[in-house]
Amino acid sequence: MNNFWFSNPTDIYFGKGQINVLGKTLTKAGAKKVLLAYGHGSIKRNGVYNDILQELKAYSISYVELSGIDPNPRISTVRKGVEICRENDVDYIIAAGAGSVIDCCKAIAAARYYSGDPWDFFTRKTSVKKALPICTVLTLAATGSEMNGGTVITNEETKEKLSTGSMKMKPRFSILDPVYTFTVPKEQTAAGIADIMSHVFEQYFSYPESTILDHMSEAVLKTVIKYGPVAIGQPDNYEARAQIMWAGTIALNGLLGSGKEGDWATHLIEHEISAKYDITHGTGLAILTPHWMRQVLDENNARIFADYGRNVWGINDLDIWQTAQEAINKTSVFFKSLGIPSKLSELGINDEKFEEMADSALKYNNIGRFKPLSKKEIIEIYRNSL
């Protein structure tokens, strides 16, 4: 394992009814006026919105709202949020929703104290020096954004989707009530499951290898594989929703990647698709992941894929190469069993922008630490995914 520094100061309040800590925790932190940010109204339909307002009212905390945050959050929304925070002297942000809402709020929190354009954080023109404190009320298990300092934002003008990160953007606390995920539609639940698994893959298929971290990753994968179909078939199954929700947090709170480099090629390749076509991130990852696996599989890493096949899928009667290939096949079949499209063409995507997307993916950094990918290889992954 490489040397590493691990710190995660985000407090997690997990379980039924944990929204009742919101008001007193904000009050203890000195919050007087908050920005309540959310998406397109699902929190009003499922009761989360009213639960939050009751907490704010009980503790005499005033609030302003930012609604309409898109599934692939836009830099224009970040700019709007910054203006609201400045004009209303907001001292805390509540991100109520899924990873997109949380990511948007992180960018708003960082840009509040920056005099330039928020997009500068994503093009590496500046770094986060100070940020408003944020908390989250999670409504979808997927991104792990509730316990990390990363954010991904789309620039709708340049058609770029880029990430940035800082310890200063980590939520101070997050409320994870599995009941709040009962009303998540099947397709979003499935996309969230794919997102969780992809986060684990990016750290599992990486160097240096680590017995403890790899086995922890395998445990998260097995948990999601077991409970994913249950959650889709029984949306109000608390245990299934709870297991998946905590798996999503663990998958990207920094623990599984400690001492490892991480690959992240599939995410960077997918960002180009969702930036250009505005598709659901988890859906794109589910389509691309098996093709990335087939692209990078070779005699040097077949054993790692075989370990994945044996330890996660229980494939024990084949040789290393066959086990590796069968593990990839099972991954593809599992995603399809959740009702996720298996081809980009099913989403109306053709090959007209593949070269442009490959160039854009390589614009700021090389891609692939597990196995570096060339422009030609990235295009091949796209084409194999049609």
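Structure: above.
Here the structure is a predicted model, which means the values were calculated and not measured. (Residues numbered from 1 in each chain as written. Predicted model: local features only at pLDDT ≥ 70, side-chain atom pairs only at ≥ 80, totals over all residues. Heavy atoms only, no water.)

## Looking at the environment of K16
In plain terms, the rule: Numbered from the N terminus, helices here are DSSP runs of H or I no shorter than four residues, and strands are runs of E no shorter than two. Throughout, a residue-residue contact means that at least one pair of heavy atoms, one from each residue, lies within 4.5 Å.
In this structure, K16 sits in the loop between β1 (11-14) and α1 (22-28). Sequence separation between K16 and A242 is 226 residues, and the spatial gap between their C-alpha atoms is 9.7 Å. In contact with K16, not counting residues within four places along its chain, are D177, V179 and Y238.

## Remarks on helix α8 (residues 238-251)
Basically, it comes down to this: Expected helix span is taken as 1.5 Å per residue step, with the number of steps being one fewer than the number of residues. Here's how the labels work: a residue is buried when its accessible area is under 20% of the maximum for its type, exposed when over 50%, partly exposed in between, all with a 1.4 Å probe on protein chains only. Any pair of nitrogen or oxygen atoms within 3.5 Å is treated as a polar contact; in protein, a donor-acceptor pairing is required on top of that, and neighbouring residues in sequence qualify only through side-chain atoms on both sides.
The end-to-end C-alpha distance of α8, which contains 14 residues, comes to 20 Å, matching closely the 20 Å that a straight helix rising 1.5 Å per residue would cover. Burial in α8 covers these residues: A240, R241, A242, I244, M245, A247, G248, T249 and A251. Here the buried face of α8 lies against β1, β5 (134-138), β8 (173-176), α6 (186-204) and α7 (211-233). Of the residues flanking the start of α8, the one acting as N-cap is N237, its side-chain oxygen 3.2 Å from the backbone nitrogen of E239.

## Brief notes about the pattern of salt bridges
As a reminder of what qualifies: The salt bridge criterion pairs a side-chain nitrogen of Lys or Arg with a carboxyl oxygen of Asp or Glu, the two atoms within 4 Å.
Here the structure, examined in full by the defined rule, presents 12 salt bridges. With a shortest N-O distance of 3.9 Å, D307 and R310 are connected by a salt bridge. Of this pair, D307 and R310 both sit in helix α11 (residues 302-313), three residues apart, which is roughly one turn of the helix. Its relative accessible area of 29% is what places R310 among the partly exposed residues. K375 is paired through a salt bridge with E355; the nearest N and O atoms lie 3.1 Å apart. Of this pair, K375 sits in helix α14 (residues 375-384) while E355 sits in helix α13 (residues 354-361), and the two are 20 residues apart along the sequence. Using a relative accessible area of 26% as the deciding quantity, one classes K375 as partly exposed. One network of salt bridges, in which partners are shared, links E209, R303, D307 and R310.

## Focus on the pairing of β5
Where we set the bar: The pairing criterion is simple: DSSP has to find at least two bridges between the two strands. We call a crossover right-handed when, viewed with the strands running away from us, the connection from the first strand over the helix to the second turns clockwise.
Among the five residues that make up β5, five are buried, leaving the element largely enclosed by the rest of the structure. Alignment of strand β4 (residues 92-97) against β5, held across five bridges, turns out to be parallel. Its bridge partner being in β5, G97 is matched across the sheet by L138. The parallel pair β4 and β5, bridged by helix α5 (residues 99-111), forms a crossover whose chirality is right-handed. As judged from the four bridges shared by β5 and β8, these two strands associate in the parallel manner. Bridge pairing in β8 links T136 to S174.

## Concerning the packing of aromatic side chains
Which entries qualify depends on this criterion: Note on aromatic pairs: the rings of Phe, Tyr and Trp (six-membered ring only in Trp) are paired at centre separations within 6.5 Å, and the planes decide the class, stacked below 30 degrees, edge-to-face beyond 60, tilted for the rest. Criterion for a charge above a ring: Arg CZ or Lys NZ at most 6 Å from the ring centre, at most 35 degrees from the ring normal.
Tallied over the full model, the rule gives 21 aromatic pairs. Aromatic side chains F205 and Y308 sit 5.7 Å apart centroid to centroid with 80° between the ring planes, which places their arrangement in the edge-to-face category. A residue pair is termed long-range when its members are at least 10 positions apart, and F205 in the loop between α6 and α7 and Y308 in helix α11 qualify at 103 residues. Taken individually, F205 and Y308 each receive the classification buried, so the pair is uniform in this respect. Taking the ring centre of Y49 as reference, the NZ or CZ of K44 above it sits at 4.9 Å. Cation over ring: K130 sits above Y113, and NZ or CZ is 4.3 Å from the ring centre.

## Topic: the nonpolar core
Put simply, the test is: The definition of a nonpolar core used throughout is a set of buried Ala, Val, Leu, Ile, Met, Phe, Trp, Tyr and Cys residues joined through side-chain atoms within 4.5 Å.
Counting 96 residues, the largest nonpolar core has I93, M197, F205, W292, F305, Y308 and L373 as the members making the most contacts within it. Here this core takes nine residues from α5, the largest share from any one element. When neighbours within four sequence positions are excluded, Y308 is seen to be in contact with F201, Y204, F205, L221, M293, W313, A327 and T331. Grouped together as the second largest cluster of nonpolar side chains are 23 residues, V21, V34, I43 and I52 included.

## Here's the deal with the pairing of strand β2 (residues 33-37)
The element β2 is largely enclosed, with a buried count of four among its five residues. When β2 meets β4, the two strands line up parallel, connected through four bridges. Opposite L36, over in β4, you have I94 as the bridge partner.

## What about α13?
It helps to recall that an α-helix has 3.6 residues per turn; residues three or four apart then point in one direction. What counts is decided by this rule: This arc is taken over the directions from the axis of the helix to the C-beta atoms.
For α13, the complete set of buried residues consists of F354, M357, A358, S360 and A361. With its buried residues spanning 165° around the axis, α13 presents them on a single face. The secondary structure elements touched by the buried residues of α13 are α9 (265-277) and α14.

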